[in-house]
Amino acid sequence: MSESFRNSIGRKIVSRTSARELGAVSHLLVDDQQRQVASIVIGRGKKAQFIDWAQVTGFGPDAVMVTDESSLRSPADDRERAASEGKLELVGKRTLSELGNELGQVDDVTFDADSGALEHLVIGDRRLPAGSLLGSGSYAAVLERDQEP
Amino acid sequence: MKLLMTASQIRGLPVVTIRGGEDVAEVRDVIYSPEAGRLVGLTLNQRGFLSGRRREVLPADMIHAIGQHALMVTDETQLVTPEAAPDDIAHPARERNVLGDDVLTEGGTSLGQVVDLVLLVGGNGEVVGYQIERAGGGHGYIPLPAQLAVSGDALVVPEITAEFVQDDLVGLGAAVDEFRDRLGLT
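*Asks:* Describe the overall build of chain A, and please don't skip the residues or the numbers.
*Replies:* On a plain count of helices and strands, chain A comes out with two helices and 15 strands. Taken over C-alpha atoms, the radius of gyration comes to 15 Å for chain A, in line with the 15 Å a tight globule of 149 residues would show. With the C-alpha coordinates of chain A rotated into their principal frame, the extents come out at 50 × 30 × 20 Å. Taken over 149 residues, chain A has a buried fraction of 48%. Relative to all contacts within chain A whose residues are 6 or more apart in sequence, the contacts with residues 24 or more apart total 48%. For chain A, the accessible area works out to roughly 6,800 Å², and carbon and sulfur atoms hold 45% of it. Distance from the positive charge centre (18 side chains) to the negative charge centre (24 side chains) of chain A: 6 Å.

*Asks:* Lay out the interface of chain A and chain B in plain terms, naming residues and giving numbers.
*Replies:* Taken together, the 19 residues of chain A in the interface contact 18 residues of chain B. With both chains or domains summed, chain A and chain B bury close to 1,300 Å², and 50% of this area falls on carbon and sulfur atoms. Taken together, chain A and chain B are joined by zero salt bridges. Here chain A and chain B share 13 residue pairs in polar contact (both at pLDDT 80 or more) between them. It is strand β14 (residues 133-136) of chain A that provides the largest number of residues to the side of chain A that touches chain B, a total of three residues. Residue composition of the side of chain A that touches chain B, grouped by class: seven nonpolar, eight polar and four charged.

*Asks:* Can you tell me about the sheet that holds strand β8 (residues 63-66) of chain A, naming the residues and giving the values?
*Replies:* All names here are of chain A. Pairing is mixed in the open sheet, where four strands are placed in the order β3-β2-β8-β7. Looking at which strands have only one partner, the edges of the open sheet turn out to be β3 (21-24) and β7 (56-59). Between one strand axis and the next, the sheet turns through 25° on average, direction left out of account.

*Asks:* Quick rundown of the environment of Ala19 of chain A? Include the residues and the values.
*Replies:* All names here are of chain A. Mapped onto the fold, Ala19 is located in the loop between β2 (12-15) and β3. Residue classification places Ala19 among the exposed positions, given a relative accessible area of 61%. Along the sequence, Ala19 and Glu69 sit 50 residues apart, while their C-alpha atoms lie 9.8 Å from each other.

*Asks:* Can you lay out the nonpolar core for me, pointing to particular residues and giving the numbers?
*Replies:* In a soluble, globular protein the nonpolar side chains are often hidden away together inside. Core analysis: the biggest nonpolar cluster contains 36 residues, and Ile10, Leu42, Ile66, Leu71, Leu117 and Tyr130 of chain B have the highest contact counts within it. Contributions of two or more residues to this core are made by β1 (3-6), α1 (7-10), β3 (23-33), β4 (38-45), β7 (71-73), β9 (110-121), β10 (126-134) and β13 (154-157) of chain B. Other than its neighbours up to four places away in sequence, Leu117 of chain B contacts Met5, Thr6, Ala7, Val30, Tyr32, Val98, Val127, Gly129 and Tyr130 of chain B. Counting residues in hydrophobic clusters, the runner-up holds 30 residues, among them Val25, Val64, Val106 and Ala141 of chain A.

*Asks:* Talk me through the packing of aromatic side chains; I want residue IDs and the actual numbers.
*Replies:* Residue and element names in this part refer to chain A. Applying the stated criterion across every chain, the model contains five aromatic pairs over all chains. Between Phe5 and Phe111, the aromatic rings sit 5.5 Å apart at their centres with planes inclined by 70°, giving edge-to-face as the arrangement. Note that Phe5 is positioned in helix α1 (residues 5-8) and Phe111 in strand β11 (residues 108-112), a separation of 106 residues in sequence. Like Phe5, the residue Phe111 is buried in the burial classification. One aromatic cluster is present, formed by Phe5, Trp53, Phe59 and Phe111 through successive ring pairs. Over the face of the ring belonging to Tyr139 we find Arg94, whose NZ or CZ atom lies 4.1 Å from the ring centre.

*Asks:* Please provide a residue-by-residue account of the confidence of the model for chain B, values included.
*Replies:* All names here are of chain B. For chain B, mean pLDDT is 87; residues scoring 70 or higher make up 93% of the total. The element-level mean pLDDT for chain B is lowest in helix α2 (residues 87-90), coming to 75, with strand β2 (residues 14-17) highest at 97. For this predicted complex, the interface confidence score (ipTM) comes to 0.91, while the overall pTM stands at 0.89.

*Asks:* Can you break down the sheet that holds strand β10 (residues 102-105) of chain A residue by residue, with the values?
*Replies:* All names here are of chain A. Spatial strand order, β10-β9-β15-β14: four strands in an open sheet with mixed pairing. Each of the sheet's edge strands pairs with one partner strand only, and the pair in question is β10 and β14. Each adjacent strand pair in this sheet contributes to an overall mean axis angle of 20°, direction not counted.

*Asks:* Any details on the pattern of salt bridges? Residues and values, ideally.
*Replies:* Residues and elements named next belong to chain A. Applying the stated rule across the entire model yields 17 salt bridges over all chains. Of the charged contacts, one joins Glu80 and Arg73 as a salt bridge, the two residues approaching to 2.8 Å between their closest N and O atoms. Overlapping salt bridges bring together Asp52, Arg73 and Glu80 as one network.

*Asks:* I'd like a rundown of the pairing of β10 of chain B, residues and numbers included.
*Replies:* Here β9 of chain B runs beside β10 of chain B; their pairing, made up of eight bridges, is antiparallel. Note that in β10 of chain B the partner of Val118 of chain B across the bridge is Gly129 of chain B.

About the cut-offs
- Residues numbered from 1 in each chain as written.
- Chains lettered and ligands numbered in written order.
- Predicted model: local features only at pLDDT ≥ 70, side-chain atom pairs only at ≥ 80, totals over all residues.
- Heavy atoms only, no water.
- Helix = DSSP H or I, 4+ residues; strand = E, 2+ residues; numbered from the N terminus.
- Rg over C-alpha atoms; globule rule 2.2 N^0.38 Å.
- Buried < 20%, exposed > 50% of the residue type's maximum accessible area, 1.4 Å probe, protein only.
- Contact = heavy atoms within 4.5 Å.
- Areas by Shrake-Rupley, 256 points an atom, 1.4 Å probe, with all protein chains shown as cover.
- Lys, Arg positive; Asp, Glu negative; His and termini not counted.
- Charge placed at Lys NZ, Arg CZ, Asp CG, Glu CD.
- Buried area = accessible area lost by both parts, 1.4 Å probe.
- Salt bridge = Lys/Arg side-chain N within 4 Å of Asp/Glu carboxyl O.
- Polar contact = N/O pair within 3.5 Å; in protein donor to acceptor, adjacent residues only side chain to side chain.
- Nonpolar A, V, L, I, M, F, W, Y, C, P; charged D, E, K, R; others polar.
- Pairing = 2+ DSSP bridges.
- Axes fitted to C-alpha atoms, helices over the stretch in contact; angles between N-to-C directions.
- Core = buried A, V, L, I, M, F, W, Y, C linked by side-chain atoms within 4.5 Å.
- Phe/Tyr/Trp six-rings, centres within 6.5 Å; stacked < 30°, edge-to-face > 60°.
- Lys NZ or Arg CZ within 6 Å of the ring centre and 35° of its normal.
- pLDDT = per-residue confidence, 0-100.

Spelled out as structure tokens, the structure:
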């Protein structure tokens, strides 16, 4: 089933083992080379925590089910520390074609709720295939040249 | 699409990595070879407020693309130290600067003075024209042949250049091909 980054924000995260609520989705961090959801970011700044996509047992419409409390972890590298500050959030990000021309701001990202594979980047009234994503960082998401209008 | 940009439009563009999506530098200045009529490379500034010069330079061969909003490189390893860069980037010759040069036709008429370079971006950064301050006042754009005689004082252009002075970059884009066609015929 297809899910959306925007719709996922605020969704509660529940441990499948204890049925306890662990927090809520702040945003999703992507692996830009695999074009895949890498992890769920919970909270912001110094208190931010991460849950790897591999720990997600069900990304449902009402809750995100994860293995257990130990799924929560601190940021592990510079990229995740940048993500804690919200710098890598794909929604709201400027996009550039690889030719250096702006394509607009990312309004939403859709992904497969089972696999975590990115499907589309929604930019205004356009839906660009996630396969055209070449890289994404704090400044911009870069897309293949044939995505220029 | 053919896109023409002046060197001053390229200065200040962020240098963005395609694989990282990071703005690793911004363009400080354009280094080019008047004889070859092409971009040689770029000097760089650091990004951000109160930023200074970046020591590394970007050889033209390392540029993936120059666009309207950013200059794209594959990754940050494309930025090289001056020691590792070709000599004409590390030590651009002062006499190669054509800004302020008088543009003279072969017949000895001055069309004006060079105030900026016009580059065809998207390709290898070919310099296809100059923006000039016209002798009679006001700005204009002239197309260039592939090569021409140039010194620190003046550059000499074919006589027919006078017929191809354009008021804007759009006009120049159309004029370049026709100008070069005419030169091929004459």
